[in-house]
Amino acid sequence: MTDPEMTRAGLVALVGFPNVGKSSLMNRLVDQKLSIVTPFAQTTRERVLGIDTRDGVQMVFVDTPGLVDPRYLLHRSMMHVALQVIADSDVVLLLVDASGGVPEFGEDVMELLDRAPKLVVVSNKVDVAPADRRERVREWSRGRFNVDPVEVSAVTGEGTERLRAEIAQRLPVSEFLYPEEDVSSQPVRFFVAELIRETVFELYSQEVPYSVATKVEEFREESSPLYIRAVVFVERPSQKAILVGSGGQAIKKLGQLARQKVEEFVGAPVYLDLWVKVLPRWRKDPVTLERLGFRLPDAKERT
Ligand SMILES: Nc1nc2c(ncn2[C@@H]2O[C@H](COP(=O)(O)OP(=O)(O)OP(=O)(O)O)[C@@H](O)[C@H]2O)c(=O)[nH]1
Ligand SMILES: [Mg+2]
């Protein structure tokens, strides 16, 4: 047994603009592919938990959707999740893409970040960032938050051990929050749905994936191969036609690639029964969003 007086544990939020590498860094820190990664912005839509327990320290990472100006009700849900996570965490990792520009956050976000008691600015993608850009992030971090950034690459792993040490020293002395062997508190169904959605990003042109939501509707663990029935929701019949493709070729490819990822994730053979359904305007409709499992801000915040 680990002595609870000697252990540290807490929630570690990963926040920042879309596409800065939040999900990639979480996967790197937990040594597992838990959160989906694509070259496109606004991939992550919900909070994704990744737990890492080693050397008497338990870090419960919370990957979040990018901080965006909401255009859809779905975006409001995404923003709400990110802000809530900042407020709830023990340590906040604010990620910046060192190969891009420095972010300008709105007042509401800045206020929350200023109040976040333990903020670590993380300059990511240093493997591809020129020296002058890295320097700009340093200046920005010192100017805005009065701290030096920790420079890392989620892709090569450079700097991540230092980051781990910076996180550990900021975590409160506490018993572990989850059993030591847990890697997430989310159900396998969630990860399966996410892997299907990631594959949609890989196979279809940029507009379609943003209209897609995925849900696992049946998961028969006792069958061999595992039987999983999942639905890919789109907003319009024309998108359904694109997803299915002529003679069902496209959906077949999607099913095959997604099945391989799911098999790797669950470590067992899988029968993936994939369906496409039209759910008109689901990104804008509170009822369908909630049915798909998105948490919405209170009605008064939705205006
Ligand atoms: N070269 C390089 N690319 C990276 C690094 N980290 C992430 N990327 C790439 O950046 C892109 C976005 O990565 P994600 O991890 O999906 O970014 P995110 O911040 O989670 O994005 P959203 O969920 O859309 O907000 C992907 O193509 C990654 O492979 C890094 O350290 N170096
Ligand atoms: Mg992400």
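Residues numbered from 1 in each chain as written. Chains lettered and ligands numbered in written order. Predicted model: local features only at pLDDT ≥ 70, side-chain atom pairs only at ≥ 80, totals over all residues. Heavy atoms only, no water.

Participant: Explain the side chain of T64 to me, please; I cannot follow it from the model alone.
Facilitator: Mapped onto the fold, T64 is located in the loop between β3 (57–63) and α2 (73–88). Looking at T64, the relative accessible area reads 0%, which means it is buried. At 2.7 Å, the side chain of T64 forms a polar contact with the backbone oxygen of L14. Apart from residues lying up to four places away in sequence, T64 is in contact with L14, V15, K22, T44, A82 and V85. (Helix = DSSP H or I, 4+ residues; strand = E, 2+ residues; numbered from the N terminus. Buried < 20%, exposed > 50% of the residue type's maximum accessible area, 1.4 Å probe, protein only. Polar contact = N/O pair within 3.5 Å; in protein donor to acceptor, adjacent residues only side chain to side chain. Contact = heavy atoms within 4.5 Å.)

Participant: Whenever I open this one, the domain arrangement of the protein confuses me. Can you help?
Facilitator: Many descriptions give the size of an interface as the accessible area lost when the pieces come together. Domain boundaries assigned for the protein yield domain 1 (8–170) and domain 2 (188–301). Distance from the C-alpha centre of domain 1 to the C-alpha centre of domain 2: 26 Å. Facing the 21 residues of domain 1 at the interface are 25 residues of domain 2. Where domain 1 abuts domain 2, roughly 2,300 Å² becomes buried across the two surfaces, and 61% of that area is made up of carbon and sulfur atoms. Inspection of the domain 1/domain 2 interface yields one salt bridge. (Domains from an automatic or database assignment. Buried area = accessible area lost by both parts, 1.4 Å probe. Salt bridge = Lys/Arg side-chain N within 4 Å of Asp/Glu carboxyl O.)

Participant: What is the right way to read the layout of surface pockets from this model?
Facilitator: Think of a ball as big as a water molecule: rolled over the atoms, this probe shows where empty space is left. A volume near 440 Å³ is recorded for the largest pocket. Lining the largest pocket are 22 residues, and of these E46, F190, T214, L292 and G293 sit closest to its centre. For the lining of the largest pocket, the secondary structure elements donating two or more residues are α2, α6 (188–203) and β7 (213–220). In terms of residue count, α6 provides more of the lining of the largest pocket than any other element does, five residues in total. Residue composition of the lining of the largest pocket, grouped by class: nine nonpolar, five polar and eight charged. When residues of the lining of the largest pocket are assigned to domains, at least three fall in each of domain 1 (8–170) and domain 2 (188–301). Lining the second largest pocket are 24 residues, with N19, G21, S24, V37 and T38 positioned closest to its centre. (1 Å grid on protein atoms, 1.4 Å probe; cavity = no way out; pocket = protein on both sides within 12 Å on 5 of 7 lines; lining within 4 Å. Points joined across faces, edges and corners; volume = space filled by probe spheres on them. Nonpolar A, V, L, I, M, F, W, Y, C, P; charged D, E, K, R; others polar.)

Participant: Any chance you could explain the sheet that holds strand β4 (residues 91–97) here in plain terms?
Facilitator: The strands making up a sheet associate through hydrogen bonds between their backbones, and the pairing can be parallel or antiparallel. An order of β2-β3-β1-β4-β5-β6 is seen for the six strands of this open sheet, with the pairing classed as mixed. Edge positions in the open sheet fall to β2 (48–54) and β6 (150–151), since each of these has one partner strand only. Taken together, the six bridges between β4 and strand β5 (residues 119–124) define a ladder with parallel strand orientation. Bridging across to β5, L94 finds its partner in V121. Against the sheet, α2 touches β1 (8–16), β3 and β4, its axis set at about 145° to β1. (Pairing = 2+ DSSP bridges. Axes fitted to C-alpha atoms, helices over the stretch in contact; angles between N-to-C directions.)

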